[in-house]
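For reference, the chains in residue letters:
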Amino acid sequence: MVPRADVIPARPRSTLTGMLVAAAVCPCPPLLVPEVASGAAPELDAARTACADAVGVLAAARPDLLVVVGPAGPEECGAFPAGSSGSFAGFGVELTVRLGEAPAASGAAPRPLPVSLAVGAWLLESARWSGAPVEGLGVREPLPADRCAEEGRGIAARADRVAMLVMGDGSARRTVKAPGYLDDRAAGFDAEAARALGAADLAALGALDASLAHELAVAGRAPWQVLAGAAEGAGLDGRLLYEDVPYGVGYFVASWS
């Protein structure tokens, strides 16, 4: 049975002993991968540069474990072990990526990564990640804020020094040419999300309205709230490295350390 992030039992607070030491927040469109974007690749060059800078901060933190978190469909959510692979074949590109290296005795091949985690794996491969083991977590969009926070606390407890690469987009309803067409509420939602991500404002991230996020086709709300839970008590500072609306979708890059 495929594990579902919205039915994972809550972890007792007494088991939480680790600490989040750094996080990178990046958008997760497949177009971030130049091979997928093809002729349109230069349009996201600034976003790619910002993502590379954010991933560099993760490496500098020297974590014991890196967890990539991103939105996932009903059959894609739950945990993905080190070595899990994803493909961009569905976008017409024969490109396979992997979440770090699989353990020597890893047994059966893990299930394929959802697209958001595959984009995260591509970012790590582009940065030539060779540090801590890498695992993944796919999160379903309906997961409530309190469960997202609990998932985050569990991630922070996985090792003494944990880092996170958090994948997710803002509203896909920012312009009339956006995938979800224009919604006048989208700009205000994205502005608050970008501010909270740039300031590492955990309370503001936790307060993002899940129902409104769903209406605005926000892919990052649940992963951002997982991050907020993981960062409780860590005292991290944030920086917003990139904010733009290419293709009518809100994309943000932030670095926490």
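Given the structure is predicted, the values throughout are model-derived calculations rather than measurements.

Definitions and limits used
- Residues numbered from 1 in each chain as written.
- Predicted model: local features only at pLDDT ≥ 70, side-chain atom pairs only at ≥ 80, totals over all residues.
- Heavy atoms only, no water.
- Helix = DSSP H or I, 4+ residues; strand = E, 2+ residues; numbered from the N terminus.
- Buried < 20%, exposed > 50% of the residue type's maximum accessible area, 1.4 Å probe, protein only.
- Contact = heavy atoms within 4.5 Å.
- Areas by Shrake-Rupley, 256 points an atom, 1.4 Å probe, with all protein chains shown as cover.
- Axes fitted to C-alpha atoms, helices over the stretch in contact; angles between N-to-C directions.
- Parallel < 35°, antiparallel > 145°, perpendicular 65-115°, else oblique.
- Left-handed = near helix turned anticlockwise from the far one by under 90°.
- Nonpolar A, V, L, I, M, F, W, Y, C, P; charged D, E, K, R; others polar.
- Core = buried A, V, L, I, M, F, W, Y, C linked by side-chain atoms within 4.5 Å.
- Patch = residues over 30% accessible without salt bridge, like charges linked within 9 Å, V, L, I, M, F, W, Y side chains within 5 Å.
- Salt bridge = Lys/Arg side-chain N within 4 Å of Asp/Glu carboxyl O.
- pLDDT = per-residue confidence, 0-100.
- Pairing = 2+ DSSP bridges.
- Expected span 1.5 Å × (residues − 1).

**Comments concerning the overall build of the protein chain**
Each helix and strand in the protein chain was counted, giving eight helices and nine strands. Projected onto its principal axes, the C-alpha coordinates of the protein chain cover approximately 50 × 40 × 35 Å. Buried positions account for 52% of the 257 residues belonging to the protein chain. Within the protein chain, contacts between residues separated by at least 24 positions form 77% of all contacts whose residues are at least 6 apart in sequence. Summed over its atoms, the accessible surface of the protein chain is roughly 11000 Å², and 54% of this surface lies on carbon and sulfur atoms.

**Overview of the packing of helix α4 (residues 145-156) against helix α8 (residues 221-230)**
Orientation of α4 relative to α8, taken along the N-to-C sense of each, is 50 degrees, at an axis distance of 6 Å. Judged by the inter-axis angle, α4 sits oblique to α8. Read as a crossing pair, α4 and α8 show a hand that is right-handed. Taking contact as the criterion, the partners of Ala145, Cys148, Ala149, Glu151, Gly152, Arg153, Ile155 and Ala156 in α4 are, on α8, Arg221, Ala222, Gln225, Val226, Gly229 and Ala230. Taken together, the residues of the contact of α4 with α8 break down into eight nonpolar, three polar and three charged.

**Description of the nonpolar core**
Core analysis: the biggest nonpolar cluster contains 43 residues, and Phe88 and Leu165 have the highest contact counts within it. Of all the secondary structure elements, the ones that give two or more residues to this core are β1 (19-26), α2 (45-60), β2 (65-72), α3 (115-126), β7 (161-167) and β9 (251-256). Beyond its immediate stretch of four places on either side in the chain, Phe88 contacts Val33, Val36, Val93, Leu95, Val97, Ala118 and Val119. Listed in part, the 41 residues of the second largest apolar core include Ala156, Val226, Phe252 and Ala254.

**Details of a nonpolar patch on the surface**
Judged by side-chain polarity, Val176, Tyr181 and Leu182 come together as a nonpolar surface patch covering roughly 280 Å² of accessible area. Mapped onto the elements, Tyr181 comes out in the loop between β7 and α5 (186-199).

**A closer look at the environment of Arg239**
Among the secondary structure elements, Arg239 is positioned in strand β8 (residues 238-244). Between the C-alpha atom of Arg239 and that of Ala199, which follows or precedes it by 40 residues, the distance is 6.3 Å. If we ignore the near neighbours within four places in the chain, the residues touching Arg239 are Val57, Gly198, Val253, Ala254 and Ser255.

**Re the confidence of the model for the protein chain**
Within the protein chain, residue pLDDT values average 91, and 91% of them lie at 70 or more. Taken as a whole, residues 1-16 scores under 50 in pLDDT and shows 36 contacts with residues more than four places along the chain or in a different chain.

**Brief notes about the sheet that holds β7**
The seven strands lie next to each other as β3-β6-β2-β7-β1-β9-β8, forming an open sheet whose pairing is mixed. Because the sheet does not close on itself, it has two edges, and the strands there are β3 (78-80) and β8. If you compare each strand with its neighbour and ignore which way they point, the axes differ by 20 degrees on average. Direction of pairing for β2 relative to strand β6 (residues 134-140): parallel, over a ladder of seven bridges. Following the sheet pairing, Gly70 is matched in β6 by Gly138. Here α2 sits on the sheet and contacts β1, β2, β7, β8 and β9; the angle it forms with β9, its principal contact strand, is near 20 degrees.

**Overview of the pattern of salt bridges**
Under the counting rule described, the total for this entry stands at ten salt bridges. Ionic pairing is found between Asp45 and Arg48, a salt bridge with its closest N-O pair at 2.9 Å. Taken together, the residues Asp45 and Arg48, both in helix α2 and three residues apart, mark about one turn of the helix. Asp183 serves as the salt-bridge partner of Arg173, at 3.7 Å between the closest nitrogen and oxygen. One end of the pair, Arg173, is in the loop between β7 and α5; the other, Asp183, is in the loop between β7 and α5, with ten residues separating them in the sequence. Overall, the relative accessible area of 22% leaves Arg173 in the partly exposed class.

**Topic: α3**
Its twelve residues give α3 an end-to-end C-alpha distance of 16 Å, which sits within 8% of 16 Å, the value for a rise of 1.5 Å per residue. Of all twelve residues in α3, nine are buried, a share of seventy percent or more. Three or more residues of α3 are buried, namely Ser116, Leu117, Ala118, Val119, Gly120, Ala121, Trp122, Leu123 and Leu124.

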